[in-house]
Amino acid sequence: MTEELTVEQMAARLKEADDILILCHKNPDGDTMGCGAALYHALCSLGKTAAVLCSDPVPPNFGYMDMKLYDGSFQPATVVAADVASLQLFGEKNHVPELAHHVDFCIDHHAGNGGYADYTLLDETAAATAELMAQVIEAMQVPFSPVIADCLYTALATDTGCFKFSSTTARTHTTAAKLIEAGARIGQLNKILFDTVPRERMDAERMALDHLEYYLDGRCALIYLTREEIAESKVDPADLEDLTGLPLRVAGVQIGITLRQQPSGSYRISIRTAEGVDACAIARCLGGGGHNRAAGCELEGNLENTKNAILAEAEKELSRSLEGQ
Ligand SMILES: [Mn+2]
């Protein structure tokens, strides 16, 4: 059982702590890294010893966060998790399992937070953990330095797709405004975070767009990449995640489908839908799942069979959504 803390209580506890290990989740994103780094800088400015630990390497894009990674140079007396919803998400590498076996504090915004820490600050209405971390740092009476502002801005912007996702609220923008006043370099950060892709990723996108196909009277668009094409482009498969938004960008398209062939030969299918069309319903019929507007599944079989299977379910969901109008 975890005890829920308010922002002020969390800030007071952290001000009493020292020798603090900050844990991020595996496959780190901007929110977990930005919050971890911002808390690290805030604790250092109070004269405390702190370091950040993650099961995976810090993505090179986030080098400007300038945090100290844990190297065993102190014995952690307090362990804080940032943006980590469950114990499994800590990961297995970098001695994380030993160091994460007892977590004192957790600051998070995931509705499914497992309550694994002794004390938790949780608010699922926050678009990013950074909204909460900004409040905690303010309550610790640490002014936002330019580097703290950069870290928290990165966290806010990445978790909201640059303030585009429906999770974005007035509080998200108010928090961002404070960070801009504190010197967050939003022009440079937005360029790094949203407007720069590796050349390999661009090559893969060109191949995928070569296969752009329309179905169901133009209400469904589909792109695909075979495993040979993925190999030829030399793209890091992790960089293909945001390809899945492409087909839905076409006017009139209500279901966007992206097929990515896996090394085993099966096809990973990502489904994105317009409002009123249930992506999860389509995915569930094929053994997958997800959210209302973004879902996925994986199918064995060749490209034609896979396309036919997903298009049949897409057609059913489109007619169901029309009936509902
Ligand atoms: Mn997050």
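Residues numbered from 1 in each chain as written. Predicted model: local features only at pLDDT ≥ 70, side-chain atom pairs only at ≥ 80, totals over all residues. Heavy atoms only, no water.

A. The overall build of the chain, seen in detail. Counting secondary structure elements, the chain contains eleven helices and twelve strands. Against the compact-globule benchmark of 20 Å for 325 residues, the chain has a radius of gyration of 22 Å, which places it among compact chains. Going through the 325 residues of the chain one by one, you find that 52% of them count as buried. In the chain, once contacts between residues fewer than 6 apart in sequence are set aside, the share between residues at least 24 apart is 66%. About 15100 Å² of surface is accessible on the chain, with carbon and sulfur atoms providing 51% of the total. Placing the 26 positive and 47 negative side-chain charges of the chain at their respective mean positions leaves the two points 4 Å apart. (Helix = DSSP H or I, 4+ residues; strand = E, 2+ residues; numbered from the N terminus. Rg over C-alpha atoms; globule rule 2.2 N^0.38 Å. Buried < 20%, exposed > 50% of the residue type's maximum accessible area, 1.4 Å probe, protein only. Contact = heavy atoms within 4.5 Å. Areas by Shrake-Rupley, 256 points an atom, 1.4 Å probe, with all protein chains shown as cover. Lys, Arg positive; Asp, Glu negative; His and termini not counted. Charge placed at Lys NZ, Arg CZ, Asp CG, Glu CD.)

B. Quick peek at the side chain of D108. By secondary structure assignment, the location of D108 is in strand 5 (residues 105-108). Within the buried core, D108 has no salt-bridge partner, and the shortest N-O distance to an opposite charge, that of R171, equals 12 Å. Of the polar contacts made by the side chain of D108, one reaches the side chain of H110; its length is 2.7 Å. In this structure, D108 is in contact with D83, V84, A85, N113, L121, L122, D123, T129 and L132, ignoring residues within four places of it in sequence. (Salt bridge = Lys/Arg side-chain N within 4 Å of Asp/Glu carboxyl O. Polar contact = N/O pair within 3.5 Å; in protein donor to acceptor, adjacent residues only side chain to side chain.)

C. The arrangement of the coordination of the manganese ion in detail. Around the manganese ion, the donor atoms from the protein are D31 (OD), D83 (OD), H109 (NE2) and D159 (OD), and they sit 2.2 to 2.4 Å away. We note that the donor set of the manganese ion lies within a single chain, spaced as D-x51-D-x25-H-x49-D. Residue D83 is found in the loop between strand 4 (78-82) and helix 3 (96-99), and its partner D159 is found in helix 5 (residues 146-159); the two are separated by 76 residues along the sequence. Here the two residues D83 and D159 agree in accessibility, since each one is buried. (Donors = N, O, S within 2.8 Å, 3.2 Å for Na, K, Ca; no water.)

D. Molecular detail of the environment of G218. Assignment of secondary structure puts G218 in the loop between strand 7 (213-215) and strand 8 (220-225). In this structure, the C-alpha to C-alpha distance between G218 and G276, residues 58 residues apart in sequence, is 17 Å.

E. Local environment of the packing of helix 2 (residues 30-45) against helix 5. At their nearest, the axes of helix 2 and helix 5 sit 8 Å apart, and the two run at 160° to each other. Taken together, the axis directions place helix 2 and helix 5 in an arrangement best described as roughly antiparallel. Where helix 2 crosses over helix 5, the two elements pack in a sense that is left-handed. On helix 5, the residues touching G30, D31, G34, C35, A37, A38, H41 and A42 of helix 2 are V147, I148, C151, L152, T154, A155, T158 and D159. For the contact of helix 2 with helix 5, the class distribution of residues is nine nonpolar, five polar and two charged. (Axes fitted to C-alpha atoms, helices over the stretch in contact; angles between N-to-C directions. Parallel < 35°, antiparallel > 145°, perpendicular 65-115°, else oblique. Left-handed = near helix turned anticlockwise from the far one by under 90°. Nonpolar A, V, L, I, M, F, W, Y, C, P; charged D, E, K, R; others polar.)

F. Expanded view of unusual backbone geometry. One non-glycine residue, D19, adopts positive backbone phi at about 50°. Relative to the elements of secondary structure, D19 occurs in the loop between helix 1 (7-16) and strand 2 (20-23). What makes D19 partly exposed here is its relative accessible area of 27%. Even without being glycine, N27 reaches a positive phi, approximately 45°. With respect to the helices and strands, the residue N27 is situated in the loop between strand 2 and helix 2.

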